[in-house]
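# Fold and geometry: a report
Chain by chain, the residues:
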Amino acid sequence: MPLRLGVNIDHVATIRNARGASYPEPTRAAEIALLAGADGITAHLREDRRHISDADIDALADLCRKRGKPLNFEMAVTDDMVAIALAHRPHATCLVPERREEVTTEGGLDVVRGGNRVRDAVQTLKSAGSRVSLFIEADPAQIAASADAGAQVIELHTGAFCDAARAGEHERAAAILARLTAGAAQAAQAGLEVHAGHGIDYATVGPVAAIPQLAELNIGHFLIGEAIFVGLGEAIQRMRRLMDAARAQAEQAA
Ligand code: PXP
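Report on the accompanying structure. (Residues numbered from 1 in each chain as written. Predicted model: local features only at pLDDT ≥ 70, side-chain atom pairs only at ≥ 80, totals over all residues. Heavy atoms only, no water.)

## Remarks on the packing of aromatic side chains
One pair of aromatic rings is described through two measures. These are the centre distance and the angle between the planes. Short version of the rule: Ring pairs shown here join Phe, Tyr and Trp side chains whose ring centres sit within 6.5 Å, with only the six-membered ring taken for Trp; geometry is labelled stacked below 30 degrees between planes, edge-to-face above 60, and tilted in between. Starting at the N terminus, helices and strands are each numbered in turn, a helix being any DSSP run of H or I of at least four residues and a strand any DSSP run of E of at least two. Note on classification: 1.4 Å probe, protein chains only; a residue is buried when its accessible area is under 20% of the maximum for its type, exposed when over 50%, partly exposed between these limits.
Per the stated rule, a full pass over the model turns up 1 aromatic pair. Taken together, a centroid distance of 4.7 Å and an interplanar angle of 80° make the contact between Tyr 202 and Phe 222 edge-to-face. Placement of Tyr 202 in the loop between strand E7 (193-197) and helix H9 (205-209) and of Phe 222 in helix H10 (residues 221-230) is noted, with a sequence separation of 20 residues between them. On the accessibility criterion, Tyr 202 (14% relative accessible area) is buried.

Take a look at the structure:
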């Protein structure tokens with residue numbers, strides 16, 4: 001199965017907003033990402049609008065429509081965000097947990113406890129034609145609850161794996177990777193499409209991309225950082241090569 005790459009351009013807006021300037025423009029980053037081989041663009045409109053703005057979502061939705069590429073709209077499970085998603089009808093929506101004081105999306109959505117709130121948002125977005133994904137930890141109960149809530153996709157949170165791998169905590173990283181691998185298999189069995197993302201860099205993309213059921217990776221912060229040194233197009237192309245090589249190697253070994 002080919003592995004798609006979604007590029008998250010939130011942190012282009014972070015840099016822009018640091019100066020209250022009109023540049024760098026997330027849409028320009030999205031153009032370059034698509035030209036470099038990204039399969040889609042991901043953007044998270046946070047409730048506090050700390051990076052991506054409503055106007056960015058308008059512009060990104062327009063651009064993706066013109067280029068015939070999917071926009072993956074990341075959003076908290078709130079009535080306001082559902083209304084914004086409905087206004088844009090993005091190809092895909094990804095429901096994430098959101099706390100104002102967090103630096104980034106910490107942990108996955110609690111679909112088990114989210115109950116009807118999550119189920120209702122999934123149904124509303126699906127009825128509007130969006131492919132709905134739930135960003136969760138690789139926990140058997142969360143995966144089962146996601147299928148139950150009617151989501152078509154889950155995105156497995158790879159942050160803990162990437163942190164452990166980068167810290168050289170090999171046993172911990174291996175244990176988390178085993179959970180991600182088992183979670184992907186469980187989800188696929190339940191008929192869910194499986195994505196993964198958070199914290200992925202050149203060093204961690206290989207083991208994640210080798211998980212056979214994965215259909216898509218979403219990568220942002222590292223690519224935007226790397227773009228400072230080598231340019232966004234080159235950073236994306238290198239990531240793509242590493243993903244594809246890891247997937248090909250895993251398929252050969254299977
Ligand atoms: N996937 C989801 C659901 C996310 O919330 C994020 C971060 O916004 C990412 C992927 C990308 O994570 P990173 O920026 O660490 O690559």
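## Quick word on the nonpolar core
Rules: By nonpolar core is meant a set of buried Ala, Val, Leu, Ile, Met, Phe, Trp, Tyr and Cys residues that side-chain atoms within 4.5 Å join together. By definition, residues are in contact when any of their heavy atoms lie within 4.5 Å.
Grouped together as the largest cluster of nonpolar side chains are 75 residues, with contacts concentrated most on Ile 9, Ile 41, Leu 95, Leu 134 and Leu 217. Beyond its immediate stretch of four places on either side in the chain, Leu 95 contacts Met 75, Val 77, Leu 109, Ala 121, Val 122, Leu 125, Val 132, Ser 133, Leu 134 and Phe 135.

## Focus on the sheet that holds strand E4 (residues 92-95)
So the rule is basically this: Two strands qualify as a pair provided that DSSP identifies no fewer than 2 bridges between them. Fitting a line to C-alpha atoms yields each axis, with helices limited to the stretch in contact; the angle taken between N-to-C directions then spans 0 to 180 degrees.
The 8 strands are arranged E1-E2-E3-E4-E5-E6-E7-E8 in a closed barrel whose pairing can be described as parallel. Each neighbouring strand pair of the sheet contributes to a mean axis angle of 25°, computed without reference to strand direction. As defined by bridge partners, E7 adjoins strand E8 (residues 214-219) across 4 bridges and the pair is classed as parallel. Paired with Gly 197 across the two strands is Asn 218, which belongs to E8. Lying on the sheet, helix H5 (residues 111-127) is in contact with strand E3 (71-75), E4 and strand E5 (131-136); it crosses E5 at an angle near 160°.

## So, the site of the ligand
Counted only if it meets this: Being near a molecule or strand, for a residue, comes down to having at least one heavy atom within 4 Å of it. Here a polar contact is taken to be a pair of N or O atoms separated by no more than 3.5 Å, where protein atoms must pair a possible hydrogen donor with a possible acceptor and residues adjacent in sequence count only if both atoms sit in side chains. Note that accessible areas follow from Shrake-Rupley with a 1.4 Å probe, and for residues the cover is restricted to the protein chains shown.
Inspection of the region around the ligand gives 14 residues, with Glu 74, Glu 155, Gly 199, Gly 220 and His 221 positioned closest. At a separation of 2.8 Å, an oxygen atom of the ligand approaches a polar backbone atom of Gly 199. Between an oxygen atom of the ligand and a main-chain N or O atom of His 221, the distance comes to 2.8 Å. About the coverage of the ligand: the protein hides 95% of its 400 Å² of free accessible area.

## A look at the environment of Met 243
Mapping Met 243 onto the fold places it in helix H11 (residues 232-253). The class for Met 243 is buried, based on a relative accessible area of 0%. Separated by 240 residues in the primary sequence, Met 243 and Leu 3 place their C-alpha atoms 7.7 Å from one another. Each residue touching Met 243, except ones within four places of it in the same chain, is listed here: Leu 3, Arg 4, Leu 5, Val 205, Ala 209 and Leu 217.

## Structural notes on the layout of surface pockets
One simple way to see leftover space: roll a probe sized like a water molecule over the atoms. Note the threshold: Cavities and pockets were defined on a 1 Å grid built over protein atoms only: a cavity is a set of grid points that admits a 1.4 Å probe from which the probe cannot escape, a pocket is an open set flanked by protein on both sides within 12 Å along at least five of seven lines, and lining residues are those with an atom within 4 Å of any such point. Grid points are joined across faces, edges and corners, and a volume is the space filled by probe spheres set on the points. Amino acids are sorted into nonpolar (Ala, Val, Leu, Ile, Met, Phe, Trp, Tyr, Cys and Pro), charged (Asp, Glu, Lys and Arg) and polar (every other residue, Gly among them).
The volume enclosed by the second largest pocket comes to roughly 230 Å³. What lines the second largest pocket is Val 12, Ile 15, Pro 24, Glu 25, Arg 28, Ala 29, Ile 32, Ile 224, Ala 227, Ile 228 and Leu 232. Residue assignment for the lining of the second largest pocket shows that the elements contributing at least two residues are helix H1 (10-18), helix H2 (26-35) and H10. Of the residues in the lining of the second largest pocket, the class split is 9 nonpolar, no polar and 2 charged.

## A closer look at the pairing of E4
Rule in force here: Viewed with both strands pointing away, a crossover whose connecting path from the first strand over the helix to the second turns clockwise is right-handed.
Every second residue of E4 is oriented toward a common face, with Ala 92 and Cys 94 on one face and Thr 93 and Leu 95 on the other, all of them buried. Taken together, the 4 bridges between E3 and E4 define a ladder with parallel strand orientation. Within E4, the position partnered with Met 75 by the bridge is Leu 95. Read from E3 through helix H4 (residues 79-88) to E4, the crossover connection turns out right-handed. As defined by bridge partners, E4 adjoins E5 across 4 bridges and the pair is classed as parallel. Each bridged residue has a counterpart across the sheet, and for Thr 93 the counterpart in E5 is Val 132.

## Some points on helix H7 (residues 159-166)
Every buried residue belonging to H7 is among Gly 159, Phe 161, Cys 162 and Ala 164, and all of these are buried. With its phi angle positive at about 75°, Gly 168 sits one or two positions after the end of H7.

## As for a nonpolar patch on the surface
Put simply, the test is: Without a salt bridge and with relative accessible area above 30%, a residue can belong to a patch; like charges are then joined within 9 Å and nonpolar side chains (Val, Leu, Ile, Met, Phe, Trp, Tyr) within 5 Å. Salt bridge, as used here: a side-chain nitrogen of Lys or Arg that lies within 4 Å of a carboxyl oxygen of Asp or Glu.
A cluster of nonpolar residues, Ile 228, Phe 229 and Val 230, forms a patch on the protein surface that exposes about 340 Å² of accessible area. Considering the arrangement of structural elements, one finds Ile 228 in helix H10.

## Comments concerning the packing of H2 against H11
Helix packing for two helices is described by the angle between their axes and how far apart those axes are. Formally: Just so you know how the angles are binned, under 35 degrees is roughly parallel, over 145 roughly antiparallel, 65 to 115 roughly perpendicular, and the rest oblique. What makes a crossing left-handed is the near helix being turned counterclockwise from the far one by less than a right angle; a clockwise turn instead makes it right-handed.
Direction vectors running N to C along H2 and H11 enclose 40°, while the axes themselves pass 9 Å from each other. When the interaxial angle is binned, H2 and H11 end up oblique. In the crossing of H2 with H11, the sense of the turn from one axis to the other is right-handed. Of the residues in H11, those touching H2 at Ala 29, Ile 32 and Ala 33 are Leu 232, Gly 233 and Ile 236.

Fair warning: the whole summary comes from geometry, so function is off the table for now.
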